[in-house]
Amino acid sequence: MARSTPRPAPASTMADVARQAGVSVSTVSHVLNGTRKVSPETVRAVEEAIARTAYIPNTLARSLAGATTQSIGIALSAISNHYFSEVVGGIEVEAKRHGLMIFLSDTHDDPAQELQTVQALHQRRVDGIILAASADPDRAALHYLRTHAIPTVLIDRLVAPDFDQVGVENRRSTIELVAHLASHGHRRIALVAGQPGLSTSQERLAGYKAGLKQAGLSFDPALVVTGHSALEPARQAVRGLLALHPRPDAIVAGNNLMTIGAMHALRDASLRVPGDIALAGFDDFDWATAFSPRLTVVAQPCAELGATAVRLLTRRLQEPAAKPKTVRLAATLRVRESCGCA
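So, a few notes on the structure that sits alongside this text. Along each chain, residue indices are assigned from 1 in the same order as the chain's sequence is written. Confidence filtering applies because this is a predicted model: local features only for residues at pLDDT of at least 70, side-chain atom pairs given and counted only at 80 or more, and all residues used for totals across whole chains, interfaces and linings. For side-chain calculations, the full set of non-hydrogen atoms in the structure is used, while hydrogens and water are omitted.

Side note on the sheet that holds strand β4 (residues 152-155)
Reasoning step 1: At least two bridges found by DSSP between two strands are what make those strands a pair. Here a strand is any run of E in DSSP of at least two residues, a helix any run of H or I of at least four, and the numbering for each starts at the N terminus. Reading across from one edge, β2-β1-β3-β4-β5-β11 is the order of the 6 strands in this open sheet, with parallel pairing throughout. If you trace the sheet from one side to the other, it starts and ends with β2 (101-106) and β11 (326-329), each paired once. Taken over all neighbouring pairs, the strand axes of this sheet differ in orientation by 15 degrees on average, direction set aside.
Reasoning step 2: With 3 bridges joining them, β4 and strand β5 (residues 164-168) adopt parallel strand pairing. Residue pairing for β5: Val 153 is matched across the bridge by Asp 164.
Reasoning step 3: Against the sheet, helix α12 (residues 302-318) engages β1 (71-76), β3 (128-131), β4, β5 and β11, with an angle of about 170 degrees to β5. Under this scheme, a helix contributes an axis fitted over its contacting stretch, all axes are lines through C-alpha atoms, and angles between N-to-C directions fall in the 0 to 180 degree range. In this description, contact between two residues means that some pair of their heavy atoms is separated by no more than 4.5 Å.

Some details on the nonpolar core
Reasoning step 1: We call a set of buried Ala, Val, Leu, Ile, Met, Phe, Trp, Tyr and Cys residues a nonpolar core when their side-chain atoms join them within 4.5 Å. Accessibility here uses a 1.4 Å probe with only protein chains present; expressed as a share of the type maximum, an area under 20% marks a residue as buried, one over 50% as exposed, and anything in between as partly exposed. Counting residues in hydrophobic clusters, the biggest one holds 43 residues, and the most contacted among them are Leu 181, Ile 189, Val 192, Tyr 208, Val 238, Ile 251 and Leu 266.
Reasoning step 2: The set of elements that each furnish at least two residues to this core consists of α8 (170-183), β6 (189-193), α9 (199-214), α10 (231-242), β8 (250-253), α11 (256-268), β9 (278-282) and β10 (296-299).
Reasoning step 3: Other than its neighbours up to four places away in sequence, Tyr 208 contacts Thr 174, Val 178, Ile 189, Ala 190, Leu 191, Phe 219, Leu 223 and Val 224.
Reasoning step 4: Ile 72, Val 88, Leu 312 and Leu 313 belong to the second largest nonpolar core, which has 25 residues in total.

Details of the side chain of Thr 27
Reasoning step 1: Mapped onto the elements of the fold, Thr 27 is located in helix α2 (residues 25-33).
Reasoning step 2: N or O atoms within 3.5 Å of each other form a polar contact, as long as, within protein, one can give a hydrogen and the other can take it, and as long as residues adjacent in sequence are counted only when both atoms are side-chain atoms. Polar contacts involving the side chain of Thr 27 include one to the side chain of Ser 24, which spans 2.9 Å.
Reasoning step 3: Here Thr 27 is in contact with Arg 36, Val 38 and Thr 42, once residues within four sequence places are set aside.

Details of the sheet that holds β10
Reasoning step 1: Read across the open sheet, the 6 strands follow the order β7-β6-β8-β9-β10-β12; overall the sheet is mixed. One side of each edge strand has no neighbouring strand; the edge strands of this open sheet are β7 (224-226) and β12 (332-334). Between one strand and the next, the sheet's axes are offset by a mean angle of 20 degrees, whatever the strand orientation.
Reasoning step 2: With 3 bridges connecting them, β10 and β12 associate as antiparallel partners. Across the sheet, Ala 299 pairs through a bridge with Thr 332, a residue of β12.

Encoded structure:
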């Protein structure tokens, strides 16, 4: 007997949500569309039922056309990182100015978690989303956002010009940093690059190469290592750099965590900064001036990044058909002692 091909499970319906929540279909509709006051307990029961049944109606965007929740979703990676904490602070201040509440989620730079986070924010009917895209080669979250026409702003990682985006001048800033090190006589300048696949990592690598070229220095692939945007991997990567013969005379780290990882590796090797080797990195933070020597860094305008993302999103909500806008903000080179300056 021939076996029949199993059919995919049917999509959940509003009736399924109603049964799970123990309420009527009309109550579910009122919760989704905000057309009648419903008790907080009932709202919570319906939202939990929606999550359990993975109910995302195709008509969601139409049902919300005339209503807003005055809330936006924020999906970022490594919220514990000081850089993103400052970005969130800028988002929060500007969102409050516009009367918006924020829902904050950490994607952990994991594509599956990123997609789940975007879906969860969509289910909670946020008016729009601010996303720091992961290195997902399939761009599943972006595909979901496009499919459901969710107003979205990409922040920090600029990967899709058909969305509104805001980030910094990564390439230009890295050129300036490499040029500064070269002007102090450094010739073997190494780079601790961030997580592969991130647009910020790619742009800073491009800036590093361009900076070497402008300074008349040749590019040596052995001087580029990956620190995966984290402290311990950067520490191990710098240990590899220090084993080279000759070793680098300067190191550029791609973010604040990797700068700290590099400092650990240099301390482990009993190397003095900047006497034995110069060090500079991306991101300014409170501790940068507490270290001895004080760290030379490229400071990103974190609060302004967050505020600009909210402004772009409110513009998108008010003008859904407006042409997507990409904004690049300038970063600032803050010269201190770790690069060899007095």
